Amino acid sequence: MFGRTTVLIALFVALALPAAAPARQAPSSKAPPSGLKAFLLRYNESTQRTFSRTPSFGWNPVYAARNYEFQLATSSSFRNNSIVWSSTSLSAPYTPVPVSLPWITGHPYSLFARVRANTPRGMTRWTNDFGFNVRWAQVPAQLSAPNGMLRWTPIEGATRYEIREQGRTPTGTPWVKSQNVATNVADMRDWFTFHQGQMWVGTGSWRVRAVRVTYGVTQDALPETTYGPWSSAFQTYATPPTASTLALGETASDVRGTVSAPTAHELMPGFAWGGMISGSAAYELYRVYVFSDSDCLQPVMTGSIVGSPAWVPRLDGPLALPGSDPDIAKARNSILGDGTQGSAFDYSRHPVETTETTSALTSPNGANLDLWDRSWPSSVYYWTVVPVVWGTNTFGGGSSFEYQDVESPQDACAAGRVARFGKVSEPVPTQGKQAYVTSLSLAGKMRSAAANSSPSIYGNTPLVTWTPALNAEEFELQWARKGGSFTSTNSFVTPATSATLPLTPGVWYYRVRGINLDGESTKAMAWSSVRKLRITKPTFRISK
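As a starting point, this report considers the structure included with it.

About the thresholds
Residues numbered from 1 in each chain as written. Predicted model: local features only at pLDDT ≥ 70, side-chain atom pairs only at ≥ 80, totals over all residues. Heavy atoms only, no water. Helix = DSSP H or I, 4+ residues; strand = E, 2+ residues; numbered from the N terminus. Buried < 20%, exposed > 50% of the residue type's maximum accessible area, 1.4 Å probe, protein only. Areas by Shrake-Rupley, 256 points an atom, 1.4 Å probe, with all protein chains shown as cover. Core = buried A, V, L, I, M, F, W, Y, C linked by side-chain atoms within 4.5 Å. Phe/Tyr/Trp six-rings, centres within 6.5 Å; stacked < 30°, edge-to-face > 60°. Lys NZ or Arg CZ within 6 Å of the ring centre and 35° of its normal. Lys, Arg positive; Asp, Glu negative; His and termini not counted. Salt bridge = Lys/Arg side-chain N within 4 Å of Asp/Glu carboxyl O. Polar contact = N/O pair within 3.5 Å; in protein donor to acceptor, adjacent residues only side chain to side chain. Contact = heavy atoms within 4.5 Å. Pairing = 2+ DSSP bridges.

### A few points about the overall build of the protein chain
Here comes step 1: When helices and strands are tallied, the protein chain shows four helices and 40 strands.
Here comes step 2: With 544 residues in all, the protein chain has 53% of them scored as buried.
Here comes step 3: Looking at the protein chain as shown, the accessible area adds up to about 22,900 Å², and 50% of this sits on carbon and sulfur atoms.

And the structure:
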């Protein structure tokens, strides 16, 4: 019908044939794909071999490829028992890796990737392997902190931190203890509890390292917990509590807030106070309460008993308090271990169950050590601290050794010993150079565009990448035809910071948020800005 009319089809990366490119001479049927590389945000970023989190992978499309097979392994031989993750049905020349890789390094590489294409002429050869490492990007650095608290810079990819404390008793006996937290602050309860003199608390020596606990399923038995290097030894100079009225001080984590200038924290804050006198008596033990209301009636977090002028929830559980007066005498010359706090009651004689009741290290679902987001500054949390006493209860002929709050938090708050603070998680940043959309260009080449540029792309499975939010361990994506019509139907969760979206031609919107896997609850964090992209249909041109 068209005579000698030549029909030229410029296929712009439809889902069925995402690897197609403008007509050109077909390569050798066995030639492997070229350009295989790992990247965090965009394919055309400079080639790296070390990453702080799981990267994505891309390569140049192969002419008429039906699909691609991809393998990621811990050995360049790619034996079955070394495969970490693989896919045999990739429709596009790029892929996320939906697992959280541990920090692991080799000589020179510890992880290896390869890809091959399935074409009408058969399967191509595998590419040469692309070797790389996953390791920490920084070592924690010391930050200023309130009295009785330790503070350091957060590390990307870390899910918790281990602190190694070191000191000497007044008699010169050295002591060492470790603690673990899920934020970037820690209290000095080990230095202060039952020994608050200058000889005990004056100089605190400590080191900290990042810990990465991975999520997602791997085919290989990679370690679930890996460690970054220890920081250099830091010195903290604390001061004993003064004989002044008990008063609230600061909240501190990624930022620091005061009673007069409260602020919102992205990480779980620690709480600091000063003084030791309440009423007409002086005390050396304290308990922090956090409430959802300004009357201090609805507690959302109950601190363990500490002797330090600060409290931060620990993953190791509370201090194991002495169970008798002789045991307290011993504790004044030694460091307490971790465990249970015995018989402990609030002001109304109700048994107290603290936030640190069990160790979240050995029982991950046994502790809730973070707070839910609130709409700062209109919706806030309130906190106070009350003194605690100990003694033998002989009521009814008994002789139980107990700890009890001296005051009701309600009364402490009513008397003015109350402060507010905010908890607002960081939204996943998707502006500027912090998030990209990767697909194929009109010419059939790999192309990455900034997510906030509302890119038009070719191919029904674009790869979206983003920068992780602070304290996020997994991520949820949602996509919809309209910017305000997101539902859980078009949604999935990934431990990686990239994903492919299953879209059809037209205009789409997507958003992403972090998820904090905290103890007994999974806390969804703030959503990113909504981003727009357009999937363009294949275009045909008839030429004579």
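Picking up where we left off.
### Remarks on the nonpolar core
Here comes step 1: Core analysis: the largest hydrophobic core is formed by 56 residues, its most contacted members being F57, F70, L72, L101, F132 and W152.
Here comes step 2: Take this core: its biggest share by element is four residues, from strand β8 (residues 111–119).
Here comes step 3: Grouped together as the second largest cluster of nonpolar side chains are 21 residues, F475, L501, L503 and W508 included.

### Focus: the packing of aromatic side chains
By convention here, two paired aromatic rings are described through the distance between centres and the angle between planes.
Here comes step 1: If you walk through the whole model with that rule in mind, you get 23 aromatic pairs.
Here comes step 2: Ring geometry for W59 against Y68: centres 5.5 Å apart, planes inclined by 70 degrees, an arrangement best described as edge-to-face. Each of the two residues, W59 as well as Y68, counts as buried.
Here comes step 3: Members of the aromatic cluster, joined through ring pairs, are F51, F57, W59, Y68, F70, W85, F130 and F132.
Here comes step 4: The ring of W126 has R114 sitting right over it, with the charged end atom 4.1 Å from the ring centre.
Here comes step 5: The ring of W527 carries R511 above its face, with NZ or CZ at 3.9 Å from the centroid.

### Focus: the side chain of D293
Here comes step 1: Checked against the element boundaries, D293 lands in the loop between β24 (285–291) and β25 (299–302).
Here comes step 2: Although D293 lies buried, it forms no salt bridge, and the closest oppositely charged side chain, R374, sits 7.7 Å away as judged by the N-O distance.
Here comes step 3: Here L297 takes part through its backbone nitrogen, which lies 3.1 Å from a polar atom of the side chain of D293.
Here comes step 4: Setting aside residues no more than four positions away along its own chain, D293 makes contact with Q298 and Y382.

### Structural notes on the pattern of salt bridges
Here comes step 1: Applying the stated criterion to the full structure yields 17 salt bridges.
Here comes step 2: Residue D187 pairs with R189 through a salt bridge whose shortest N-O separation is 2.7 Å. In terms of burial, D187 and R189 fall into one category: buried.
Here comes step 3: Ionic pairing is found between K423 and D370, a salt bridge with its closest N-O pair at 3.6 Å. Of the two residues, K423 sits in strand β30 (residues 419–423) while D370 sits in the loop between β27 (343–345) and β28 (381–393), which places them 53 residues apart along the sequence.
Here comes step 4: Look at the salt bridges and you will find they share partners, linking E165, K177, D187, R189, D190, R314, D338 and E356 into a network.

### Considering the sheet that holds strand β26 (residues 310–311)
Here comes step 1: Pairing is antiparallel across the open sheet formed by four strands, whose spatial order is β19-β18-β21-β26. Both outer strands of the open sheet, β19 (256–258) and β26, are each paired with one neighbouring strand and no more.
Here comes step 2: Of the pairings in the sheet, the one linking strand β18 (residues 247–252) to β19 comprises three bridges and is antiparallel in character. Each residue of the ladder has a partner; that of A252, found in β19, is R256.

Don't take any of this as a statement about function, it's just geometry.
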